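Each chain, written out:
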Amino acid sequence: MGGGTRTFAPGEVLIAGLLAVVVETGFFLLLGFAGTSRLHIKARDKAPPREIPIAVQPVIDPLPLLKLGSKKVKAKLPDMWKKQAPVKQYEEKSAPSPDAKQTPDAITSAPVATADAEAPPPDAEVVKKVDENLQPIDAGPTPTIPGEGSPNGVKQGTETDPLKARAVSMYTMKILGWFNARFRPPVGQIPCDELKKLSVGVAANVGGDRSVSGFTINGSSGNPVFDAKVRSTMQSIVGQQLPPPPPLYPDILGSTVHPRFSGAGAKCR
Amino acid sequence: MQVIPKFLVRGVALALALALAPVVALAQEKKPPADESALGEFVVTGTAHEHVTRLAILPSLSPDMADVVVRGVVRRDFQLTGMFDLIADKKAPEGLYGFNDPVDVDAWKKLGAEVIVKVAARAVPKDKTKVEVHGLCYFLNVGKDPVYQKTLVVDRSIARVTAHRITDALLGAITGRPGGFASHFTFSGKWGTNRRIFSMDSDGNDLKPVSSPDVTAIAPTWGPGADIFYTVSKNYAPFKLMQLSGGTPKAIKVPFRTSIYSVDFNKDKTKMAIAVAGKLGSAIYVGNPDGSGMKKVSTTPLATHPVWSPSGKLAWIGGGARNGTQRVYVDGKAISPAGFTAAAPTFCDTADGIRLVYAVEVRGNRQELVMSSERGGGIARLTQHQGSNSYPACSPDGRMLAFFSTRGGKKGMYFMSLKRWKTQLLTRQYGQSLRWDALPPPPKSEQP
């Protein structure tokens, strides 16, 4: 590469050098000429804006006015559900009283308690018969009934399968609990002694999806206030779903259930 | 232009309808007629009553390990249900409690027992690999004859599972609703800097990691054939859907290149729902368990954590910029309360009907569990001021709820009885995305 052709010819280099000198000289001459000139440019004031009168036509704002309110209330979760303590039931029993009147009306229909039996607490729930009586039922001498059945059964029994009988019992308790949670006897509207004696039967129709589709009140309790309470309770129940029957016995829930609403459990003060 | 006369067409249609009518009638599922008189009349007083069954589980004096395991498992399962008043072992009447010894029904009756359960196991004399498991149950209001009795011969390795199955069968006999102890858990837990998938029996036994320690594995669930489906990511790559079959993981082909956040299957495992990451949010797609036939079903800009109800409804956590907080959506409708960030919904098929349980975020970066009906009504709080409670999962029988909690400084997995609302610590293992499912049914010869 040392003795190869040159990129620029000597003449070209000479001309380039001359032109560079001319441009540099011309630039400095222009600066010198501009500095010696007496020419001045006077600044001109900006013209003030013209006032133009316009007609203002008031119009109604199409946006609705904001509603008067307060600060947004922060959402709150309900408190943790607490299980209600079960109420212990006491069977209605009469103890001999020295203060009892000596008249036939004063004789109680309830069974007489044993002499050393403890009295139930003052606020105890006293019922004719305690739920889930676990005492063996006396079915009398061993029956000699032909056909299916259990030697431990009772004459009135219909169920031959003890497992199903228990499942039915448990499901009945569940349905009962479901209705109990939705019924409050009209305490304060009916005298307590009268309320505890009132009851009325209902036939509640159950749809295919276990929802209560309708009801019929069978007769009357004899008290219009109690009847109205039962009616309003049933009206609020219509559309709600009953708990499902146990999976092993899906056939125990029919198209009708028969609750009997009673004032016996009313907590009167 | 009418080519075929109208009367001819009508005639043929009528003939076809008449011919097919009996076939259609036969094809319809015949439900057994309901027993209208079964429940009878019951008296509603408006007062809450509850009867807790007093139950005796006969003690065992056998030195055979199989007997100790089977009896221990059954007793613990009954304890975990929280449904019964169990008579303590120390109160057991004196007597013999061998495999073939008769039950002293009268002595137990004096202790107030209403139901007596006896379980026992012993080695099969001619085959030491097999055990004979015996279970029987008495209702004392019925008599001295057992109402349930079963003897099974099973492999010694599955004696424990058989004990769970016997418990489930006994619960079915006592309540009409079989138990859910023959089941297993899966969840995602911490493992160094990664997360691994774990599986565990329903009573906390046999806890083991099942995914590779080299990847981040999340959102497991039980799929067809009791295989675990979950999603994995390695080196921050998008999460892929995996199936763990026989201990071997394999990728499920889905028509998405973005991350799969979570997965769930319907009750009979014929449909799969997955949460797929999108450009600005995520969406729920439903298709076949092999990843084919995926169709978008979610309607919210953000949709994660799909979960099926036993009745076939699909729930997910949805939200977006306009919606504000994340809420539980069931079949496209928001059902959790507005203003609360909801998470991890699950359905429980309880004795009172199907219930939805989910976690809501409260102050102090904690979560509380709430329960509502399947459609969101009747909301009730299950936990309050007991640490942070998250990732609920329901037992297959709907009796119990498992969840992770930090209560009392004891982080772990807890059981809550949905019957008695009693909470018990199951294991100190803590994690996320808890799922609980039934074991596949055993062969007919091993069914209690």
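Rules of the game
Residues numbered from 1 in each chain as written. Chains lettered and ligands numbered in written order. Predicted model: local features only at pLDDT ≥ 70, side-chain atom pairs only at ≥ 80, totals over all residues. Helix = DSSP H or I, 4+ residues; strand = E, 2+ residues; numbered from the N terminus. Buried ≥ 20, exposed ≤ 12 C-beta atoms within 10 Å, placed from the backbone. Contact = placed C-beta atoms within 7 Å. Pairing = 2+ DSSP bridges. Domains from an automatic or database assignment. Expected span 1.5 Å × (residues − 1). Nonpolar A, V, L, I, M, F, W, Y, C, P; charged D, E, K, R; others polar. Axes fitted to C-alpha atoms, helices over the stretch in contact; angles between N-to-C directions. pLDDT = per-residue confidence, 0-100. Parallel < 35°, antiparallel > 145°, perpendicular 65-115°, else oblique. Left-handed = near helix turned anticlockwise from the far one by under 90°.

Time to look at the overall build of chain B. Counting secondary structure elements, chain B contains four helices and 30 strands. Expressed as lengths along the three principal axes of its C-alpha atoms, the size of chain B is roughly 90 × 75 × 60 Å. Counting every position in chain B, which comprises 448 residues, the buried fraction comes to 43%. Looking at chain B alone, contacts between residues at least 24 apart form 44% of all its contacts between residues at least 6 apart.

With that out of the way, let us pick up the overall build of chain A. Helix and strand content of chain A: four helices and five strands. When the helices and strands of chain A are read in sequence order from the N terminus, they spell out α-β-β-α-α-β-β-α-β. Split into buried and exposed, the 269 residues of chain A put 14% on the buried side. Looking at chain A alone, contacts between residues at least 24 apart form 65% of all its contacts between residues at least 6 apart.

Attention now moves to the pairing of strand β28 (residues 412–417) of chain B. All names here are of chain B. Strand direction decides the pairing type here: strand β27 (residues 400–405) and β28, joined by six bridges, are antiparallel. Considered in β28, the bridge of A402 is made with F415. The turn linking β27 back onto β28 is made up of six residues, and G408 within it adopts a positive phi angle of 60°. Pairing of β28 with strand β29 (residues 423–427), which is carried by four bridges, proceeds in the antiparallel orientation.

Below, the discussion takes up the sheet that holds strand β15 (residues 272–277) of chain B. Residues and elements named next belong to chain B. Judged by pairing direction, the sheet is antiparallel, and its four strands sit side by side in the order β14-β15-β16-β17 without closing on themselves. One side of each edge strand has no neighbouring strand; the edge strands of this open sheet are β14 (260–265) and β17 (295–296). In this structure, strand β16 (residues 282–287) lies alongside β17, joined through two bridges in antiparallel fashion. Each residue of the ladder has a partner; that of V286, found in β17, is K295.

Residue and element names in this part refer to chain B. Domain assignment breaks chain B into domain 1 (53–175) and domain 2 (185–439). Once you take the C-alpha centre of each, domain 1 and domain 2 turn out to be 35 Å apart. If you look at the interface, domain 1 gives 10 residues, while domain 2 gives 12 residues. Contributions of two or more residues to the side of domain 1 that touches domain 2 are made by α2 (65–81) and α4 (159–175). If you tally residues by element for the side of domain 1 that touches domain 2, the top one is α2, at five residues.

Below, the discussion takes up helix α1 (residues 10–36) of chain A. In a regular helix each residue adds 1.5 Å, so 27 residues correspond to 39 Å; α1(A) covers 40 Å between its end C-alpha atoms and thus fits that length. Of all 27 residues in α1(A), zero are buried, a share of ten percent or less.

Turning our eyes to something else, we now look at the environment of F256(B). Residues and elements named next belong to chain B. Structurally, F256 can be placed in the loop between β13 (248–251) and β14. Classification of F256 by C-beta neighbours within 10 Å gives partly exposed; the count is 18. Taking the C-alpha atoms as reference, F256 lies 27 Å from T193; in sequence the two are 63 residues apart.

Another point: the interface of chain B and chain A. Opposite the 51 residues of chain B that make contact, chain A presents 56 residues. Breaking the side of chain B that touches chain A down by element, the ones donating at least two residues are β1 (41–44), α4, β23 (353–362), β24 (366–373) and β25 (380–381) of chain B. By residue class, the composition of the side of chain B that touches chain A is 27 nonpolar, 15 polar and nine charged. Of the pairings in the sheet, the one linking strand β5 (residues 256–262) of chain A to β1(B) comprises four bridges and is parallel in character. Among the inter-strand pairings, H258(A) is bridged to a residue of β1(B), identified as E41(B).

Glancing now at the sheet that holds strand β12 (residues 240–245) of chain B. Residues and elements named next belong to chain B. Strand order in the open sheet formed by four strands is β10-β11-β12-β13, with antiparallel pairing between adjacent strands. Strands with a single pairing partner mark the edges of an open sheet, and in this sheet they are β10 (216–222) and β13. For this sheet, the mean inter-axis angle between neighbouring strands, taken without regard to orientation, is 30°. Where β10 and strand β11 (residues 228–233) come together, five bridges link them in antiparallel fashion. Residue pairing across strands places T216 opposite S233, the latter belonging to β11.

Relative to the assigned elements, S262(A) resides in strand β5. With 25 C-beta atoms counted inside 10 Å, the residue S262(A) sits in the buried group. The spatial distance from the C-alpha of S262(A) to the C-alpha of S94(A) is 22 Å, given a sequence separation of 168 residues. In this structure, S262(A) is in contact with S199(A), V43(B), V44(B) and T45(B), ignoring residues within four places of it in sequence.

All names here are of chain B. The phi dihedral of A219 is positive, around 50°, even though this residue is not glycine. Tracing the chain through its elements places A219 in strand β10. One non-glycine residue, W421, lies in positive phi territory at about 60°. By the element assignment, W421 lies in the loop between β28 and β29. Classification of W421 by C-beta neighbours within 10 Å gives partly exposed; the count is 14.

On to the confidence of the model for chain A. Scored by pLDDT, chain A has a mean of 77; 72% of the residues are at 70 or more. In the model, residues 133–146 of chain A has pLDDT below 50 throughout and makes eight contacts with residues more than four positions away in sequence or in other chains.

Below, the discussion takes up α2(B). All names here are of chain B. End to end, α2 covers 24 Å across 17 residues, agreeing with the expected 24 Å (1.5 Å per residue, within 8%). Of all the residues in α2, the buried ones are A66, D67, V70, R71, V73, V74, R75, D77, F78, L80 and T81. Looking one or two residues past α2, G82 carries a phi angle of roughly 65°, positive in sign.

Within a regular strand, side chains alternate between the sheet's two faces. Residues and elements named next belong to chain B. Of the strand pairs in this sheet, strand β22 (residues 342–350) and β23 are connected by seven bridges, and their pairing is antiparallel. Bridged to F347 within β23 is L356. Between β22 and β23, which follow one another and run antiparallel, lie two residues. As defined by bridge partners, β23 adjoins β24 across eight bridges and the pair is classed as antiparallel. Residue pairing in the sheet places L356 in a bridge with S372 of β24. Once β23 ends, the chain turns through three residues before running back antiparallel as β24, passing G364 with a positive phi of about 80°.

On to the packing of α2(B) against α4(B). Residue and element names in this part refer to chain B. Between α2 and α4, the shortest axis-to-axis distance is 9 Å and the interhelical angle comes to 40°. Classified by the angle between their axes, α2 and α4 sit oblique to one another. Note on packing geometry: the crossing formed by α2 with α4 is right-handed. Across from A66, V69, V70, V73, V74, D77 and F78 in α2, the residues of α4 making contact are A159, R160, A163, H164, I166 and T167. Across the contact of α2 with α4, the residue classes tally to nine nonpolar, two polar and two charged.

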